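Architecture and fold: a report
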Amino acid sequence: MQIQTLKFVKKEVPPYTTGKINTPAGSVFRVSSEWSRADYWGMIKSRVGAFRMKYSVEPGLYAVGDPTKESDVFVSANYKLSFDILRRELSGMNAWVLVLDTKSINVWCAAGKGTFGTDELISRITATKLDSVVTNRRIIVPQLGAVGVNAAEVQRKTGFRVSFGPVQAKDIPSYIEAGYRKTMEMSTIRFPMWDRLILTPMEINP
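Residues numbered from 1 in each chain as written. Predicted model: local features only at pLDDT ≥ 70, side-chain atom pairs only at ≥ 80, totals over all residues. Heavy atoms only, no water.

Examining the overall build of the protein chain
Operational definition: Helix and strand definitions follow DSSP, with helices as H or I runs of at least four residues and strands as E runs of at least two, each counted in order from the N terminus. Method for areas: the Shrake-Rupley scheme with a 1.4 Å probe, in which residue coverage is limited to the protein chains shown.
Counting secondary structure elements, the protein chain contains nine helices and seven strands. Counting every atom, the protein chain has about 12100 Å² of accessible surface; 53% of that belongs to carbon and sulfur.

Things to note about the packing of aromatic side chains
This is how it is decided: Centre distance within 6.5 Å is the pairing criterion for rings of Phe, Tyr and Trp, where only the six-membered ring of Trp is used; planes under 30 degrees apart are then read as stacked, over 60 as edge-to-face, and the remainder as tilted.
Per the counting criterion, the structure on display carries five aromatic pairs. Ring geometry for tyrosine 16 versus phenylalanine 83: centroids 5.5 Å apart, planes at 65 degrees, classification edge-to-face. A residue pair is termed long-range when its members are at least 10 positions apart, and tyrosine 16 in the segment before strand E1 (17-23) and phenylalanine 83 in helix H2 (residues 80-89) qualify at 67 residues. When the centroid spacing of 5.7 Å and the interplanar angle of 90 degrees are considered together, the rings of tyrosine 175 and tyrosine 180 count as edge-to-face. A network of ring pairs unites the aromatic residues Tyr16, Tyr62 and Phe83 as a single cluster.

With respect to the packing of helix H4 (residues 118-127) against helix H6 (residues 151-158)
Packed helices, taken two at a time, are described by their axes: the angle between them and the distance between them. Applicable threshold: Axis definition: a line fitted to C-alpha atoms, over the contacting stretch in the case of helices. Angles run 0 to 180 degrees between N-to-C directions. Any angle from 65 to 115 degrees is called roughly perpendicular, while one under 35 is roughly parallel, one over 145 is roughly antiparallel, and all others are oblique. In this scheme, a crossing is called left-handed if the near helix is turned counterclockwise away from the far one by less than a right angle; it is called right-handed if the turn is clockwise. Note on definitions: a residue-residue contact is assigned when non-hydrogen atoms from the two residues lie within 4.5 Å. Three classes are used, and their members are as follows: Ala, Val, Leu, Ile, Met, Phe, Trp, Tyr, Cys and Pro are nonpolar, Asp, Glu, Lys and Arg are charged, and the others, Gly among them, are polar.
H6 packs onto H4 with a crossing angle of 25 degrees between their chain directions and a minimal axis gap of 10 Å. When the interaxial angle is binned, H4 and H6 end up roughly parallel. When the axes of H4 and H6 are compared, the crossing they make is right-handed. Residue-level contacts link Thr118, Leu121, Ile122 and Ile125 of H4 to Glu153, Val154, Lys157 and Thr158 of H6. The residue inventory of the contact of H4 with H6, partitioned by class, reads four nonpolar, two polar and two charged.

Let's talk about helix H1 (residues 37-48)
The following threshold applies: An expected span of 1.5 Å times one less than the residue number is assigned to each helix. Burial classification: accessible surface area is computed with a 1.4 Å probe over protein chains only, and a residue below 20% of its type maximum counts as buried, one above 50% as exposed, and the rest as partly exposed. Here the arc refers to the directions that run from the helix axis out to each C-beta atom.
Spanning twelve residues, H1 covers 17 Å between terminal C-alpha atoms, matching the ideal 16 Å at 1.5 Å per step. Buried within H1 we find Asp39, Gly42 and Ser46. Here the buried residues of H1 occupy an arc of 60 degrees about the axis, which is enough to place them on one side. Projecting away from the buried face of H1 at angles above 90 degrees are the exposed residues Arg37 and Trp41.

Let's talk about unusual backbone geometry
Positioned with a positive phi, arginine 137 is a non-glycine residue whose angle comes to about 55 degrees. Residue position: arginine 137 is located in the loop between helix H5 (130-133) and strand E6 (138-141).

Digging into a nonpolar patch on the surface
To keep things clear, this is the line we draw: Only residues whose relative accessible area exceeds 30% and that form no salt bridge are eligible for patches; like-charged ones are grouped when within 9 Å, while nonpolar side chains (Val, Leu, Ile, Met, Phe, Trp, Tyr) are grouped when within 5 Å. Throughout this description, the term salt bridge denotes a Lys or Arg side-chain nitrogen within 4 Å of a carboxyl oxygen of Asp or Glu.
On the surface, Trp41, Ile44 and Val48 cluster together into a nonpolar patch covering about 290 Å² of accessible area. The topology assignment puts tryptophan 41 in helix H1.

Thoughts on the confidence of the model for the protein chain
Put simply, the rule is: The quantity known as pLDDT measures the predictor's confidence residue by residue, on a range of 0 to 100.
Taken residue by residue, the protein chain gives an average pLDDT of 85. The fraction at 70 or more is 83%. Least confident of the elements in the protein chain is helix H9 (residues 193-204), whose mean pLDDT is 50; most confident is strand E5 (residues 95-99), at 98. For the stretch residues 1-10, pLDDT sits under 50, and the model shows zero contacts to residues farther than four places along the chain or on other chains.

Brief notes about the sheet that holds strand E2 (residues 26-31)
Here is the rule: Pairing between strands is defined by DSSP: at least two bridges between them are needed.
Reading across from one edge, E1-E2-E3-E5-E4-E6-E7 is the order of the seven strands in this open sheet, with mixed pairing throughout. The open sheet has two edge strands with one neighbour each: E1 and strand E7 (161-164). Strand after strand, the sheet turns through a mean of 35 degrees between neighbouring axes, direction not considered. With five bridges connecting them, E1 and E2 associate as antiparallel partners. Note that in E2 the partner of asparagine 22 across the bridge is serine 27.

Remarks on the pattern of salt bridges
Taken as a whole, this structure holds eleven salt bridges when the rule is applied. For arginine 87, the salt bridge goes to aspartate 39, with nearest N and O atoms at 2.9 Å. One end of the pair, arginine 87, is in helix H2; the other, aspartate 39, is in helix H1, and 48 residues separate them in sequence. Each member of the pair arginine 87 and aspartate 39 is classed as buried. The salt bridge partner of arginine 87 is aspartate 84, with a shortest N-O separation of 2.9 Å. With arginine 87 and aspartate 84 both in helix H2 and three residues apart, the pair spans about one turn of that helix.

Dropping the structure here:
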(Lines give C-alpha, C1' and ligand atoms only; values in the text may rest on other atoms or scores of the structure.)
Protein backbone atom coordinates (compact mmCIF):
# COMPACT_ATOMS: atom_id res chain seq x y z
CA MET A 1 0.00 0.00 0.00
CA GLN A 2 1.43 3.31 -1.06
CA ILE A 3 1.12 6.29 1.21
CA GLN A 4 0.70 9.57 -0.63
CA THR A 5 2.29 12.62 0.87
CA LEU A 6 1.05 16.13 0.32
CA LYS A 7 3.56 18.74 -0.68
CA PHE A 8 2.96 22.28 0.39
CA VAL A 9 4.68 24.93 -1.67
CA LYS A 10 5.60 27.99 0.32
CA LYS A 11 4.55 31.14 -1.48
CA GLU A 12 7.53 33.27 -2.36
CA VAL A 13 7.74 36.60 -0.60
CA PRO A 14 8.18 39.39 -3.18
CA PRO A 15 11.53 41.19 -2.72
CA TYR A 16 9.90 44.62 -2.94
CA THR A 17 7.83 43.98 0.21
CA THR A 18 8.70 44.79 3.82
CA GLY A 19 6.30 42.54 5.67
CA LYS A 20 2.56 42.22 6.00
CA ILE A 21 -0.29 44.26 7.39
CA ASN A 22 -3.49 42.79 8.82
CA THR A 23 -6.84 43.90 7.41
CA PRO A 24 -10.44 42.79 7.96
CA ALA A 25 -10.08 40.87 4.67
CA GLY A 26 -6.86 39.15 5.71
CA SER A 27 -3.18 40.03 5.58
CA VAL A 28 -1.68 41.90 2.63
CA PHE A 29 1.90 42.67 1.71
CA ARG A 30 3.35 46.05 2.63
CA VAL A 31 5.56 47.30 -0.21
CA SER A 32 8.61 49.51 -0.08
CA SER A 33 8.50 52.87 -1.84
CA GLU A 34 12.24 52.63 -2.54
CA TRP A 35 13.70 50.85 -5.56
CA SER A 36 16.41 48.24 -5.18
CA ARG A 37 19.17 47.56 -7.70
CA ALA A 38 17.07 44.64 -8.94
CA ASP A 39 14.19 47.03 -9.64
CA TYR A 40 16.43 49.32 -11.68
CA TRP A 41 17.87 46.37 -13.58
CA GLY A 42 14.38 45.05 -14.23
CA MET A 43 13.36 48.42 -15.62
CA ILE A 44 16.27 48.33 -18.07
CA LYS A 45 15.54 44.77 -19.19
CA SER A 46 11.85 45.54 -19.64
CA ARG A 47 12.77 48.45 -21.91
CA VAL A 48 14.99 46.52 -24.28
CA GLY A 49 13.41 43.14 -24.89
CA ALA A 50 10.60 40.62 -24.54
CA PHE A 51 11.38 40.36 -20.79
CA ARG A 52 8.62 42.92 -20.30
CA MET A 53 5.99 40.28 -21.13
CA LYS A 54 6.83 38.38 -17.95
CA TYR A 55 7.76 41.37 -15.79
CA SER A 56 4.75 41.36 -13.50
CA VAL A 57 3.48 41.37 -9.94
CA GLU A 58 0.72 39.28 -8.44
CA PRO A 59 -2.70 41.00 -8.78
CA GLY A 60 -4.34 41.92 -5.50
CA LEU A 61 -4.22 44.46 -2.70
CA TYR A 62 -0.99 45.95 -1.31
CA ALA A 63 -0.19 48.51 1.37
CA VAL A 64 2.21 51.47 1.30
CA GLY A 65 3.18 52.84 4.70
CA ASP A 66 0.53 52.27 7.36
CA PRO A 67 -2.81 52.78 5.64
CA THR A 68 -6.10 52.81 7.52
CA LYS A 69 -9.71 52.27 6.54
CA GLU A 70 -9.82 55.94 5.47
CA SER A 71 -6.70 55.86 3.28
CA ASP A 72 -6.78 56.32 -0.50
CA VAL A 73 -6.84 53.36 -2.88
CA PHE A 74 -4.79 53.67 -6.06
CA VAL A 75 -5.28 51.26 -8.97
CA SER A 76 -2.37 49.89 -11.01
CA ALA A 77 -1.65 47.41 -13.78
CA ASN A 78 0.33 44.32 -12.84
CA TYR A 79 3.13 45.26 -15.25
CA LYS A 80 5.86 45.62 -12.65
CA LEU A 81 7.33 48.84 -14.01
CA SER A 82 3.91 50.54 -13.74
CA PHE A 83 3.56 49.19 -10.20
CA ASP A 84 7.11 50.25 -9.27
CA ILE A 85 6.63 53.80 -10.51
CA LEU A 86 3.41 54.14 -8.52
CA ARG A 87 4.85 52.81 -5.25
CA ARG A 88 7.89 55.07 -5.61
CA GLU A 89 5.70 58.17 -6.04
CA LEU A 90 3.66 57.20 -2.98
CA SER A 91 6.74 57.58 -0.79
CA GLY A 92 5.87 59.11 2.58
CA MET A 93 2.15 58.38 2.13
CA ASN A 94 -0.16 55.81 3.70
CA ALA A 95 -2.18 54.23 0.91
CA TRP A 96 -3.58 51.07 -0.62
CA VAL A 97 -2.63 49.83 -4.09
CA LEU A 98 -5.10 47.63 -5.96
CA VAL A 99 -3.31 45.74 -8.73
CA LEU A 100 -5.36 44.47 -11.68
CA ASP A 101 -4.47 41.48 -13.82
CA THR A 102 -3.47 43.16 -17.08
CA LYS A 103 -1.36 40.24 -18.35
CA SER A 104 1.86 42.17 -17.69
CA ILE A 105 0.79 45.09 -19.87
CA ASN A 106 1.04 48.75 -18.82
CA VAL A 107 -2.04 50.80 -17.97
CA TRP A 108 -2.42 52.70 -21.25
CA CYS A 109 -1.97 49.70 -23.54
CA ALA A 110 -4.00 47.41 -21.27
CA ALA A 111 -6.90 49.88 -21.28
CA GLY A 112 -6.89 49.76 -25.07
CA LYS A 113 -6.79 45.96 -25.07
CA GLY A 114 -9.50 45.63 -22.44
CA THR A 115 -7.43 43.97 -19.71
CA PHE A 116 -7.38 47.19 -17.65
CA GLY A 117 -11.13 47.48 -17.75
CA THR A 118 -14.45 47.63 -15.98
CA ASP A 119 -14.94 43.89 -15.48
CA GLU A 120 -11.44 43.30 -14.11
CA LEU A 121 -11.71 46.28 -11.76
CA ILE A 122 -15.06 45.08 -10.41
CA SER A 123 -13.73 41.53 -10.08
CA ARG A 124 -10.61 42.67 -8.20
CA ILE A 125 -12.59 44.92 -5.81
CA THR A 126 -14.79 41.94 -5.01
CA ALA A 127 -11.98 39.38 -4.74
CA THR A 128 -9.97 41.51 -2.30
CA LYS A 129 -13.08 42.35 -0.22
CA LEU A 130 -12.07 45.99 -0.51
CA ASP A 131 -15.36 47.14 0.98
CA SER A 132 -14.30 45.61 4.30
CA VAL A 133 -10.85 47.24 4.18
CA VAL A 134 -11.73 50.88 3.46
CA THR A 135 -14.72 53.07 4.25
CA ASN A 136 -14.14 56.05 1.94
CA ARG A 137 -15.60 54.20 -1.09
CA ARG A 138 -13.34 56.00 -3.53
CA ILE A 139 -10.72 54.47 -5.80
CA ILE A 140 -8.24 56.47 -7.85
CA VAL A 141 -7.63 55.14 -11.35
CA PRO A 142 -4.83 56.58 -13.52
CA GLN A 143 -6.18 58.82 -16.26
CA LEU A 144 -4.47 56.69 -18.91
CA GLY A 145 -6.80 53.85 -17.90
CA ALA A 146 -9.98 55.90 -18.32
CA VAL A 147 -10.72 54.57 -21.80
CA GLY A 148 -11.17 51.07 -20.37
CA VAL A 149 -13.18 51.87 -17.24
CA ASN A 150 -16.88 52.66 -17.03
CA ALA A 151 -16.98 54.57 -13.75
CA ALA A 152 -20.78 54.48 -13.48
CA GLU A 153 -20.85 50.70 -13.90
CA VAL A 154 -18.14 50.22 -11.27
CA GLN A 155 -20.04 52.35 -8.77
CA ARG A 156 -23.34 50.61 -9.52
CA LYS A 157 -21.89 47.13 -8.94
CA THR A 158 -19.42 47.79 -6.11
CA GLY A 159 -20.43 51.03 -4.42
CA PHE A 160 -16.99 52.51 -5.12
CA ARG A 161 -16.76 55.87 -6.85
CA VAL A 162 -14.00 56.10 -9.46
CA SER A 163 -11.82 59.20 -9.58
CA PHE A 164 -9.46 59.51 -12.52
CA GLY A 165 -6.12 60.74 -11.25
CA PRO A 166 -3.30 62.52 -13.09
CA VAL A 167 -1.47 61.20 -16.15
CA GLN A 168 1.87 61.06 -14.33
CA ALA A 169 2.20 59.29 -10.98
CA LYS A 170 4.63 62.00 -9.86
CA ASP A 171 1.68 64.43 -9.73
CA ILE A 172 -0.29 62.35 -7.23
CA PRO A 173 0.84 64.30 -4.11
CA SER A 174 -0.12 67.62 -5.74
CA TYR A 175 -3.41 66.13 -6.94
CA ILE A 176 -4.32 65.10 -3.39
CA GLU A 177 -3.22 68.42 -1.88
CA ALA A 178 -5.48 70.20 -4.39
CA GLY A 179 -8.49 68.31 -3.05
CA TYR A 180 -8.36 65.57 -5.69
CA ARG A 181 -8.54 68.08 -8.51
CA LYS A 182 -6.34 68.01 -11.58
CA THR A 183 -4.78 71.00 -13.29
CA MET A 184 -4.48 71.14 -17.06
CA GLU A 185 -0.82 70.20 -16.65
CA MET A 186 -1.75 67.03 -14.74
CA SER A 187 -4.25 66.04 -17.44
CA THR A 188 -2.02 66.58 -20.46
CA ILE A 189 -0.43 63.57 -22.13
CA ARG A 190 3.03 64.31 -23.46
CA PHE A 191 5.43 62.16 -25.44
CA PRO A 192 8.75 64.10 -25.45
CA MET A 193 11.92 63.10 -27.26
CA TRP A 194 13.41 61.43 -24.16
CA ASP A 195 10.41 59.10 -23.84
CA ARG A 196 10.70 58.26 -27.55
CA LEU A 197 14.38 57.44 -27.17
CA ILE A 198 13.64 55.15 -24.21
CA LEU A 199 11.32 53.11 -26.44
CA THR A 200 13.76 52.94 -29.34
CA PRO A 201 15.34 49.58 -28.31
CA MET A 202 11.91 47.97 -28.30
CA GLU A 203 11.35 49.15 -31.86
CA ILE A 204 14.73 47.96 -33.08
CA ASN A 205 14.88 44.54 -31.38
CA PRO A 206 11.95 42.89 -33.23
